Amino acid sequence: MKLLIIGTGSMARSHALAFKKERGIDLVAAVETNAERLAAFAEEHGIPNSFDDIDQAIAWGEFDAAANVTPDPIHYPTTMKLIAAGKNVFCEKPLATEHGLAKEMADAAEKSGLINMVNLTYRASPALYKARQLVEAGKIGALRHFEASYLQSWLVGKHWGDWRTEDRWLWRLSTKHGSKGVVGDIGIHLIDFATFAAASDVASLSSRVKTFHKAPGDRIGRYKLDANDSFVMSAELANGALGLIHATRFATGNANEIRVSLYGDEGGLLIHTDGRQSSLRLCAGADVDKNNWREVKTPAPIFAVPPTSSVFSISVSRAATRSWRRRESAADRARCVLITPHPILLTCGGGYLADSRAIGQTQGAERATGGGTVPTSVLWPRWRKEFDNAEATLSGLRPPGARLPRLRCPGVDANRL
Ligand SMILES: NC(=O)c1ccc[n+]([C@@H]2O[C@H](COP(=O)([O-])OP(=O)(O)OC[C@H]3O[C@@H](n4cnc5c(N)ncnc54)[C@H](O)[C@@H]3O)[C@@H](O)[C@H]2O)c1
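These notes cover the structure that comes with them. As the structure is a computational prediction, the values presented were derived from the model and not from experiment.

### Overview of the sheet that holds strand 1 (residues 2–6)
Reasoning step 1: Taken in spatial order, the six strands line up as 3-2-1-4-5-6 in an open sheet, and their pairing is parallel. Edge positions in the sheet fall to strand 3 (49–51) and strand 6 (116–119), since each of these pairs with one other strand and no more. Each neighbouring strand pair of the sheet contributes to a mean axis angle of 20 degrees, computed without reference to strand direction.
Reasoning step 2: Where helix 1 (residues 10–21) meets the sheet, it contacts strand 1, strand 2 (26–31), strand 4 (65–68) and strand 5 (88–92), and its direction lies at approximately 165 degrees from that of strand 1.
Reasoning step 3: Across the sheet, helix 4 (residues 72–84) touches strand 1, strand 4 and strand 5, and the angle it forms with strand 5 is around 170 degrees.

So, in structure tokens, the structure goes:
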């Protein structure tokens with residue numbers, strides 16, 4: 001796949017490094033309004049084509065997909081142009097700065113049939129998926145209360161650079177530059193994270209946001225510092241649970257910490273991630289009377305599946321499934337992949353994932369997807385008949401003659417197990 005990156009700032013560097021590790025992706029072009037940054041980025045990542053605006057890149061046209069890593073207000077105009085030009089888009093969060101614009105983008109992408117995705121990075125936390133599974137399995141009973149916090153401290157410490165002098169932080173503090181403050185920057189991650197874990201959307205909320213005085217005249221150069229720095233929300237979820245959601249950039253000692261606690265009428269879950277590692281603790285069953293929390297093993301690494309209606313195949317090599325323990329581990333990892341609302345085809349590439357656990361994973365995935373019509377299947381080449389049946393079901397979902405795209409699932413791979 002030929003990929004274009006639009007916006008070449010700090011997050012784009014993470015995208016480029018990650019995409020370069022994937023087989024089958026060529027970074028063919030970069031678009032950026034800052035000429036110096038564009039040249040440095042193209043040189044660092046060996047990108048052969050550079051443009052200073054998206055119109056020029058679209059007129060050139062030699063790419064299949066774009067990673068949109070521009071500042072928040074630029075997502076809408078650029079993504080809409082890319083969709084109109086028939087390009088698949090992976091867009092940074094928040095999708096847009098207004099709900100109406102985000103809906104327009106989602107509708108246009110859906111209508112076009114193109115692959116589209118929003119980068120809510122923390123969805124890839126293994127602990128989050130495991131927590132949702134436990135909630136859905138009724139492990140903590142009916143959810144009653146939750147607490148969710150996202151704490152950063154870059155307005156106090158200089159660990160990520162100096163916000164007073166660097167425009168990558170200054171635009172985040174200014175509404176005129178399209179920022180929705182801490183709500184739009186990390187609140188969006190947190191609300192997504194908490195509601196995914198709770199397996200329930202927000203039904204109603206009230207919120208207080210605050211912008212603190214940070215510079216003389218509340219201004220630095222062209223940036224008026226008027227975007228919110230902290231928020232506190234009280235929310236009720238559709239499942240009836242009440243909770244608190246809050247975030248700030250003033251939490252000294254917390255570079256980037258998400259914590260979500262879920263309390264049901266039969267137990268509780270504590271989820272934590274700093275973006276690199278995630279962990280999960282559970283208090284349920286006999287532990288409830290002792291207030292005892294236990295670490296829950298969370299399968300890692302996670303592979304985030306793009307939210308499209310495409311069908312993917314994931315293969316597990318024979319070596320990876322040679323021993324019982326390895327099979328369990330492969331099945332666990334595959335299960336992570338399978339928890340997606342989209343059709344997945346799991347094959348085992350000549351190996352044998354044919355154990356009851358794997359069947360359990362599939363059933364779990366079917367439950368997670370709402371069951372019914374979702375063609376999630378575990379296939380063994382030696383079970384030819386089943387394979388043919390599943391192929392028949394799946395073929396209705398993809399264009400005639402199209403090959404199943406293959407997702408490489410990191411970890412489900414002989415070397416890593
Ligand atoms: N998913 C995550 O965890 C995560 C983390 C950080 C940032 N982000 C998101 O990534 C996006 C970029 O953030 P960042 O930290 O890299 O910001 P940044 O300011 O470092 O980089 C943005 C770049 O886009 C360029 N740009 C501005 N307008 C442009 C245009 N019209 N065409 C092309 N380039 C343009 C800027 O010059 C800048 O180089 C934001 O939407 C942010 O919310 C997501």
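### A word on the site of the ligand
Reasoning step 1: With respect to spatial proximity, 25 residues lie near the ligand, and among them Gly7, Gly9, Met11, Glu92 and Arg168 are the closest.
Reasoning step 2: Among the elements of the structure, helix 1 and helix 4 are those that each provide at least two residues to the shell around the ligand.
Reasoning step 3: When its residues are assigned to classes, the shell around the ligand shows nine nonpolar, nine polar and seven charged.
Reasoning step 4: Both of domain 1 (2–119) and domain 2 (123–295) provide at least three residues apiece to the shell around the ligand.

### Examining the nonpolar core
Reasoning step 1: Ala131, Leu190, Ala194, Ala197 and Leu262 are the most contacted members of the largest nonpolar core, which totals 40 residues.
Reasoning step 2: With eleven residues, helix 8 (residues 181–198) is the single largest residue contributor to this core.
Reasoning step 3: Ignoring anything within four residues of it in the chain, the contact list for leucine 190 reads Ala148, Tyr150, Ile245, Ala247 and Ile258.
Reasoning step 4: Grouped together as the second largest cluster of nonpolar side chains are 30 residues, Leu3, Ala29, Phe90 and Cys91 included.

### Observations concerning the packing of helix 4 against helix 5 (residues 99–112)
Reasoning step 1: Running from amino to carboxyl end, helix 4 crosses helix 5 at an angle of 15 degrees, the nearest separation of the two axes being 10 Å. The angle between helix 4 and helix 5 falls in the class roughly parallel. Crossing handedness for the pair helix 4 and helix 5: left-handed. Contacts between helix 4 and helix 5 involve Tyr76, Thr79, Met80 and Ile83 on the former and, on the latter, Leu101, Met105, Ala108, Ala109 and Ser112.
Reasoning step 2: Considered class by class, the residues forming the contact of helix 4 with helix 5 number seven nonpolar, two polar and no charged.

### Some remarks on the pairing of strand 2
Reasoning step 1: Bridge analysis of strand 1 against strand 2 gives five bridges, and the strand direction is parallel. When the bridges of strand 2 are listed, leucine 4 appears paired with alanine 29.
Reasoning step 2: Note: strand 2 against strand 3, three bridges, orientation parallel. Paired with alanine 30 across the strands is serine 50, a residue of strand 3.
Reasoning step 3: The parallel pair strand 2 and strand 3, bridged by helix 2 (residues 35–45), forms a crossover whose chirality is right-handed.

### Observations concerning helix 1
Reasoning step 1: All buried positions along helix 1 are accounted for by Ala12, His15 and Ala16. Here the buried residues of helix 1 occupy an arc of 100 degrees about the axis, which is enough to place them on one side. The exposed set on the far side of helix 1, more than 90 degrees from its buried face, consists of Ser14, Leu17, Ala18 and Lys21.
Reasoning step 2: In the core, the buried residues of helix 1 are packed alongside strand 1, strand 2, helix 2 and strand 4.

### Observations regarding the environment of proline 126
Reasoning step 1: Mapped onto the secondary structure, proline 126 falls in helix 6 (residues 126–136).
Reasoning step 2: Under the C-beta neighbour-count criterion, proline 126 is labelled buried, with 21 such atoms within 10 Å.
Reasoning step 3: The spatial distance from the C-alpha of proline 126 to the C-alpha of leucine 280 is 9.0 Å, given a sequence separation of 154 residues.

### Details of the pairing of strand 4
Reasoning step 1: With four bridges connecting them, strand 1 and strand 4 associate as parallel partners. Bridge pairing in strand 4 places isoleucine 5 opposite alanine 67.
Reasoning step 2: Strand direction decides the pairing type here: strand 4 and strand 5, joined by four bridges, are parallel. Across the sheet, alanine 65 pairs through a bridge with asparagine 88, a residue of strand 5.

### A few points about unusual backbone geometry
Reasoning step 1: Following lysine 93, the chain continues into proline 94 via a peptide bond in cis, with omega recorded as -15 degrees.
Reasoning step 2: Examined against the element boundaries, proline 94 turns out to sit in the loop between strand 5 and helix 5.
Reasoning step 3: Positive phi, normally seen in glycine, also occurs at aspartate 218, with a value near 50 degrees.
Reasoning step 4: Its location among the elements puts aspartate 218 in the loop between strand 8 (202–210) and strand 9 (219–220).

Calculation criteria
Residues numbered from 1 in each chain as written. Predicted model: local features only at pLDDT ≥ 70, side-chain atom pairs only at ≥ 80, totals over all residues. Pairing = 2+ DSSP bridges. Helix = DSSP H or I, 4+ residues; strand = E, 2+ residues; numbered from the N terminus. Axes fitted to C-alpha atoms, helices over the stretch in contact; angles between N-to-C directions. Contact = placed C-beta atoms within 7 Å. Near = placed C-beta within 6 Å. Nonpolar A, V, L, I, M, F, W, Y, C, P; charged D, E, K, R; others polar. Domains from an automatic or database assignment. Core = buried A, V, L, I, M, F, W, Y, C linked by C-beta atoms within 7 Å. Buried ≥ 20, exposed ≤ 12 C-beta atoms within 10 Å, placed from the backbone. Parallel < 35°, antiparallel > 145°, perpendicular 65-115°, else oblique. Left-handed = near helix turned anticlockwise from the far one by under 90°. Right-handed = clockwise from strand over helix to strand, strands pointing away. Arc of directions from axis to C-beta.

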